[in-house]
Amino acid sequence: MYSHHNALGLARRTLAGQRLCTACGADIANTSPVQPVMLLRPHVARAAARYFVEHFHGTTLYAVKANPSPDLLRALWLGGIRAFDVASLAEVRLVAETLPGARLAFMHPVKAEEAIAEAYQAYGVRIFSLDSHDELAKIMRATGNAPDLTLCVRIAVSSEHAKLSLATKFGTLPEELPGLLMAARQAADALGLCFHVGSQTMAPQAYSHALERARAAIVASGVTVDVVDVGGGFPSIYPGMEPEALGGYFEVIHKGFEDLPISYSAELWCEPGRALSAEYSSLIVRVEKRRGDELYINDGAYGALFDAAHIGWRFPVKLLRASGARVQAFSFYGPTCDDLDHMAGPFMLPEDIAVGDYIEIGMLGAYGAAMRTGFNGFGMGETHIVSDAPMASMYADDEGVSALPRQHKTG
Ligand SMILES: Cc1ncc(COP(=O)(O)O)c(C=O)c1O
């Protein structure tokens, strides 16, 4: 890494390292980007998809909300994912246009009746989730009492092992389940049970506890169940959150599924979002100001760092130049004008970091990249495709994935 002076006489730094964009050939390392640069790693998304396809004993649906980028959808398809969990009509259209052969499941338990009708009639969607009699009535009206529906009843389960709760908003309570399951059974061609144990679930037992709830519901209602969908929640790796390998999660789920009172032909599904997309993107930001241990960078709460600002999520960071200095804890301010645009971290970076330095922030492929806005005119930088390893990986032990250790190396 070196500094030089440009025409304005300003000290300017370039990014360090050997990095070419595999799509446009740009020499990313020798640029001095003024806007944040998003780096994409489709090879890593393919590897993650392959891992689920090969190791999960059932069908993996990618939860599109985690990152709806068409390039990512195509990478997952190349890795073997053929089914997609969509939450809105816009996601239905997006996947149908990007991957015409994809199987779509509309898994938001509360949908507009018009969205259900268009999904069914125009896009061939046959799988819907619900957690109330009202929603069941909507689905039946919107599809003209279709005889070919797979209806998945969402059951309420705990988020106690998850870093992000999904426990209170959706899900049928135990006392209401038998009635709703019997009504859905009568209306459906295939009946499913689904749940979500919360995002970034740190203990596989979350799934066995939820499958126990599913067992109780099946026993109490006496219905035949054709599909058990264990939802998302599979973790990725972030500083301070280092889960056990995904194989351990799959083992618990496979055992819990086998123990359910369901037929041999019943199907097992899962809907990972984060686990398939987190490693896909990282972001290069520039330091515009330093005030002690606070760094003012050019992306933030309204950009890809929503989770870092609003729920205190930590992401791995790396200074993009050589430095022998000791690392210390920093917090970040984003580029907009309000105090909310603050990421407490701590983010561990060399103590000699200065204005003009570039930082790579890793593991932003899930939710972060999807939630970027153009608020205040920020956040509209370039995107490049790179072939290096992500800053952390759940798939590093798997054949064909990079040689990175499972744990991340930096802050
Ligand atoms: C119904 C449903 N399925 C799957 C997911 C994906 O969850 P995760 O990213 O934790 O895997 C979500 C996330 O909100 C969801 O609501």
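If you're wondering where the values come from, they're calculated on a predicted model, not measured in any experiment.

A. Summary view of the overall build of the protein chain. When helices and strands are counted, the protein chain shows 10 helices and 20 strands. Rg of the C-alpha trace for the protein chain: 23 Å, near the compact-globule value of 22 Å for 411 residues, within the 12% margin. The C-alpha extent of the protein chain, read off along each of the three principal axes, is 75 × 40 × 40 Å. Classification of the 411 residues of the protein chain by burial places 55% in the buried group.

B. Broad picture of the side chain of Glu271. In this structure, Glu271 sits in the loop between β13 (267–270) and α9 (274–277). Within the buried set, Glu271 has no salt-bridge partner at all; the shortest N-O distance to an opposite charge, 5.9 Å, is to Lys65. Excluding anything up to four places from it in sequence, Glu271 contacts Leu61, Ala63, Asp85, Met107, Asp229, Gly231 and Gly232.

C. Fine view of the layout of surface pockets. Taken as a whole, the largest pocket encloses approximately 680 Å³ of empty space. Contributing to the lining of the largest pocket are 28 residues, with Lys65, Leu166, His196, Ser199 and Tyr367 lying nearest its centre. Class assignment of the residues belonging to the lining of the largest pocket gives a composition of 13 nonpolar, 8 polar and 7 charged. Residue contributions to the lining of the largest pocket reach at least three from each of two domains, namely domain 1 (3–41 + 281–385) and domain 2 (42–277).

D. Just the site of the ligand, in detail. Taken together, 15 residues sit near the ligand, with Ser199, Gly233, Glu271, Arg274 and Tyr367 positioned nearest. Residue Glu271 places a side-chain N or O atom 2.5 Å away from a nitrogen atom belonging to the ligand. At 2.8 Å, a backbone N or O of Arg274 approaches an oxygen atom of the ligand. Surface burial for the ligand is 91%, taken as the share of its 400 Å² of free accessible area covered by protein chains. Judged by the proximity of its atoms to the pocket grid, the ligand belongs to the largest pocket. Considering only residue class, the shell around the ligand consists of 5 nonpolar, 5 polar and 5 charged.

E. Inspection of the pairing of strand β19 (residues 358–361) at higher detail. Here β19 shows a buried face lined by Tyr358 and Glu360 and a second buried face lined by Ile359 and Ile361. Direction of pairing for strand β14 (residues 281–291) relative to β19: antiparallel, over a ladder of 4 bridges. Across the sheet, Val285 pairs through a bridge with Ile359, a residue of β19. Sheet topology note: the strand β16 (residues 317–319)/β19 ladder contains 3 bridges and is antiparallel. Within β19, the residue paired with Val317 across the bridge is Ile361.

F. Looking closely at helix α2 (residues 70–78). When α2 is considered as a whole, its buried residues turn out to be Leu72, Leu73, Ala75 and Leu76. The arc that holds the buried residues of α2, viewed along the axis, is 160 degrees, so those residues lie on one side. Buried residues along α2 sit against α1 (42–55), β4 (59–63), β5 (83–86), α3 (89–98) and α9. Remark: Gly80 follows α2 within two positions and exhibits a positive phi of approximately 110 degrees.

G. Examining the sheet that holds strand β8 (residues 150–154) more closely. The parallel closed barrel is built from 8 strands, whose spatial order is β4-β5-β6-β7-β8-β10-β12-β13. Ignoring strand direction, the axes of neighbouring strands in this sheet form an average angle of 25 degrees. Here β8 runs beside strand β10 (residues 190–194); their pairing, made up of 5 bridges, is parallel. Bridge pairing in β10 places Thr150 opposite Ala190.

H. Here's a closer look at helix α4 (residues 113–123). Every buried residue of α4 is accounted for by Ala115, Ile116, Ala117, Ala119 and Tyr120. Buried residues along α4 sit in contact with α3, β6 (103–106), β7 (127–130) and α5 (133–142). Phi turns positive, to about 70 degrees, at Gly124, one or two residues after α4.

I. The arrangement of the confidence of the model for the protein chain in detail. With 92% of its residues at a pLDDT of at least 70, the protein chain reaches an overall mean of 91. Every residue in residues 402–411 is under pLDDT 50, and counting partners more than four places away or in other chains gives 35 contacts.

J. Local environment of the nonpolar core. By size, the foremost hydrophobic cluster in this structure holds 109 residues, and its most contacted members are Phe234 and Ile359. Among the elements that line this core, the one with the most residues is helix α7 (residues 205–221), at 7 residues. No fewer than three residues from each of domain 1 (3–41 + 281–385) and domain 2 (42–277) sit in this core.

K. Structural detail: the environment of Arg291. Within the element layout of this structure, Arg291 appears in strand β14. On the accessibility criterion, Arg291 (42% relative accessible area) is partly exposed. Here the alpha-carbon distance between Arg291 and Val327, two residues 36 residues apart in the chain, equals 16 Å. Among all residues touching Arg291, those that are not within four sequence positions of it are Tyr296 and Tyr333. A polar contact is formed between the side chain of Arg291 and the side chain of Glu294, at a distance of 2.7 Å. A polar atom in the side chain of Arg291 sits 3.3 Å from the side chain of Tyr296.

Reading the values: the criteria
- Residues numbered from 1 in each chain as written.
- Predicted model: local features only at pLDDT ≥ 70, side-chain atom pairs only at ≥ 80, totals over all residues.
- Heavy atoms only, no water.
- Helix = DSSP H or I, 4+ residues; strand = E, 2+ residues; numbered from the N terminus.
- Rg over C-alpha atoms; globule rule 2.2 N^0.38 Å.
- Buried < 20%, exposed > 50% of the residue type's maximum accessible area, 1.4 Å probe, protein only.
- Lys, Arg positive; Asp, Glu negative; His and termini not counted.
- Salt bridge = Lys/Arg side-chain N within 4 Å of Asp/Glu carboxyl O.
- Contact = heavy atoms within 4.5 Å.
- 1 Å grid on protein atoms, 1.4 Å probe; cavity = no way out; pocket = protein on both sides within 12 Å on 5 of 7 lines; lining within 4 Å.
- Points joined across faces, edges and corners; volume = space filled by probe spheres on them.
- Nonpolar A, V, L, I, M, F, W, Y, C, P; charged D, E, K, R; others polar.
- Domains from an automatic or database assignment.
- Near = heavy atom within 4 Å.
- Polar contact = N/O pair within 3.5 Å; in protein donor to acceptor, adjacent residues only side chain to side chain.
- Areas by Shrake-Rupley, 256 points an atom, 1.4 Å probe, with all protein chains shown as cover.
- Sits in = over half its atoms within 2 Å of the grid points.
- Pairing = 2+ DSSP bridges.
- Arc of directions from axis to C-beta.
- Axes fitted to C-alpha atoms, helices over the stretch in contact; angles between N-to-C directions.
- pLDDT = per-residue confidence, 0-100.
- Core = buried A, V, L, I, M, F, W, Y, C linked by side-chain atoms within 4.5 Å.

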